[in-house]
Number of protein chains: 2
Amino acid sequence: MTTKSSLQPEELLQNADLRCTRGRLDILRVLLAADRPLSQDEIARRMGRNGLNKVTIYRALEAFNRAGFLHIAQVQERIRYYELAHRCRQMRCHPHFACVRCGRLYCLHDHYLPLIKDLDQGFVIHRQQIRLEGLCPDCSG
Amino acid sequence: MTTKSSLQPEELLQNADLRCTRGRLDILRVLLAADRPLSQDEIARRMGRNGLNKVTIYRALEAFNRAGFLHIAQVQERIRYYELAHRCRQMRCHPHFACVRCGRLYCLHDHYLPLIKDLDQGFVIHRQQIRLEGLCPDCSG
DNA sequence: AATCTTATTGCAACTGAGTTGCGTTTAGTG
DNA sequence: CACTAAACGCAACTCAGTTGCAATAAGATT
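Reading guide: rules and limits
Residues numbered from 1 in each chain as written. Chains lettered and ligands numbered in written order. Predicted model: local features only at pLDDT ≥ 70, side-chain atom pairs only at ≥ 80, totals over all residues. Helix = DSSP H or I, 4+ residues; strand = E, 2+ residues; numbered from the N terminus. Buried ≥ 20, exposed ≤ 12 C-beta atoms within 10 Å, placed from the backbone. Contact = placed C-beta atoms within 7 Å. Pairing = 2+ DSSP bridges. Axes fitted to C-alpha atoms, helices over the stretch in contact; angles between N-to-C directions. Core = buried A, V, L, I, M, F, W, Y, C linked by C-beta atoms within 7 Å. Parallel < 35°, antiparallel > 145°, perpendicular 65-115°, else oblique. Nonpolar A, V, L, I, M, F, W, Y, C, P; charged D, E, K, R; others polar. Expected span 1.5 Å × (residues − 1). Arc of directions from axis to C-beta. Left-handed = near helix turned anticlockwise from the far one by under 90°.

### Focus on the environment of B:G23
All names here are of chain B.
In step 1: Note on placement: G23 falls in helix 2 (residues 22-33).
In step 2: For G23, a count of 16 C-beta atoms within 10 Å puts it in the partly exposed group.
In step 3: Sequence separation between G23 and A67 is 44 residues, and the spatial gap between their C-alpha atoms is 17 Å.
In step 4: Sequence-distant contacts of G23, defined by excluding residues within four places in its chain, comprise L52, T56 and A60.

Structural data, given as structure tokens:
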């Protein structure tokens, strides 16, 4: 959320009114050292033998996410949604809007963004997807 | 994929060398009538009492996806990936690149797109996410 | 330092979307 | 009508993520 908040694990926790336990500090250290988003499983593995129970890790991540200094990359829902591919451009689907309250998924057929370009050598793009998250008209009233 | 291919269920199947069974035609009719991406469960419900087994629906959707005229909206992976929120802008995370071959998820910190605007009245955006899918340098060689 | 409150943790059992194996049915060709 | 491979149904499975509850331990208070 914030671009220049502190990156000290202790401060992150204190600012969010969370307790500075060894386990949570370890999780944060792992995430700070990571160069890409990690799954629960990867986090656990990188914590080594002094690792936490997976339930505890999930609950910590949930707390961090609520506090706003951790993001869940890509998507909330476990469920896949399917749609016909007409109305999609080459490599670009129309964006989708997911309502965080009612869970509905809307198509934004009229709101294309340009395709990202100038990626590093070697990346071959098959598809670009855009997802908006927020409140839909029914739920924002 | 294509913008102006036929929308006749029969043609979609024939062009893809798939058999025109009643079940698959029903799935396509449901998807054509839908105004948003649907989950397997929603598709099954909309097919009514002459519905298919859920495994069969999954396999049909998989075949449609392989043929290219159906998209899986938003995401492939069942697993969630977590990352700290620094280096994200207000409402916009940096894009991610998911390699379809090795499964790795890369952060594209230097490739922001503008925030989508001019949404219909009532939509409140909390966050915009961008995901690219394709082959990473390790896998495209 | 001892006590207290409540956040954090671990364990076991659960949930449910999606998958796999395998035997049966059926579309569509010959 | 026969044949072959695609499509289908069923039962059992996988496994990321969740829930309930009792045990532990921050850290504030006395």
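### Notes on the sheet that holds strand 5 (residues 124-135) of chain A
In step 1: If you trace the six strands from one edge of the open sheet to the other, you get 4(A)-3(A)-5(A)-5(B)-3(B)-4(B), paired in mixed fashion. Each of the sheet's edge strands pairs with one partner strand only, and the pair in question is strand 4 (105-107) of chain A together with strand 4 (105-107) of chain B. Across the sheet, the mean angle from the axis of one strand to that of its neighbour is 25°, orientation sign disregarded.
In step 2: By the bridge criterion, three bridges tie strand 3 (residues 96-99) of chain B to strand 4 of chain B in an arrangement that is antiparallel. Of the residues in strand 4 of chain B, the one forming a bridge with B:F97 is B:Y106.

### Regarding the pairing of strand 3 (residues 96-99) of chain A
Regular strands have side chains that alternate between both faces of the sheet.
Residues and elements named next belong to chain A.
In step 1: Burial of strand 3 is two-sided: the residues H96 and A98 facing one way and the residues F97 and C99 facing the other way are all buried.
In step 2: For strand 3 and strand 5, the ladder comprises four bridges, and the chain directions are parallel. What sits directly across from F97, in strand 5, is L132.

### Thoughts on the nonpolar core
In step 1: Within the largest apolar cluster, 14 residues are counted, with the highest numbers of intra-cluster contacts made by A:I27, A:L31, A:I43, A:I57, A:A60, A:L61 and A:F64.
In step 2: The set of elements that each furnish at least two residues to this core consists of helix 1 (9-15), helix 2 (22-33) and helix 4 (54-67) of chain A.
In step 3: Here A:F64 is in contact with A:F69 and A:L70, once residues within four sequence places are set aside.
In step 4: In terms of nonpolar packing, the next biggest core, distinct from the first, is built from 13 residues, B:L12, B:I27, B:L31 and B:F69 among them.

### Focus on the packing of helix 2 of chain A against helix 4 of chain A
Residue and element names in this part refer to chain A.
In step 1: Running from N to C, helix 2 and helix 4 point in directions that differ by 70°, and their axes come no closer than 11 Å. Taken together, helix 2 and helix 4 sit at an angle that is classed as roughly perpendicular. On the side of helix 2, the interface is formed by G23, R24 and I27, while helix 4 contributes T56, I57 and A60.
In step 2: In the contact of helix 2 with helix 4, the residues fall into three nonpolar, two polar and one charged.

### Here's the deal with helix 4 (residues 54-67) of chain B
Residues and elements named next belong to chain B.
In step 1: With 14 residues, helix 4 should cover 20 Å at 1.5 Å per step; its first-to-last C-alpha distance of 20 Å lies within 8% of that length.
In step 2: Among the residues of helix 4, those classed as buried are I57, A60, L61 and F64. Viewed along the axis of helix 4, the buried residues span an arc of 100°, placing them on a single side of the element. Across from the buried face of helix 4, at angles greater than 90 degrees, the exposed residues are V55 and R66.
In step 3: G68 occupies a position one or two residues after helix 4 and carries a positive phi of about 100°.

### Details of the packing of helix 3 (residues 40-47) of chain B against helix 4 of chain B
Residues and elements named next belong to chain B.
In step 1: At a minimum axis distance of 10 Å, the contact between helix 3 and helix 4 shows a crossing angle of 115°. Here helix 3 is positioned roughly perpendicular relative to helix 4, judged by the angle of their axes. Handedness of the helix 3/helix 4 crossing: right-handed. Contact residues: helix 3 offers Q40, I43 and A44, while helix 4 offers K54, I57, Y58 and L61.
In step 2: Of the residues that constitute the contact of helix 3 with helix 4, the class distribution is five nonpolar, one polar and one charged.

### Quick look at unusual backbone geometry
In most cases, non-glycine residues show a negative phi, while peptide bonds are predominantly trans.
In step 1: For A:D118, which is not glycine, the phi dihedral falls at a positive 60°.
In step 2: You can see A:D118 is positioned in the loop between strand 4 and strand 5.
In step 3: When the 7 C-beta atoms within 10 Å are taken as the criterion, A:D118 is described as exposed.
In step 4: With a phi angle near 60°, B:D17 is a residue other than glycine that sits in the positive phi range.

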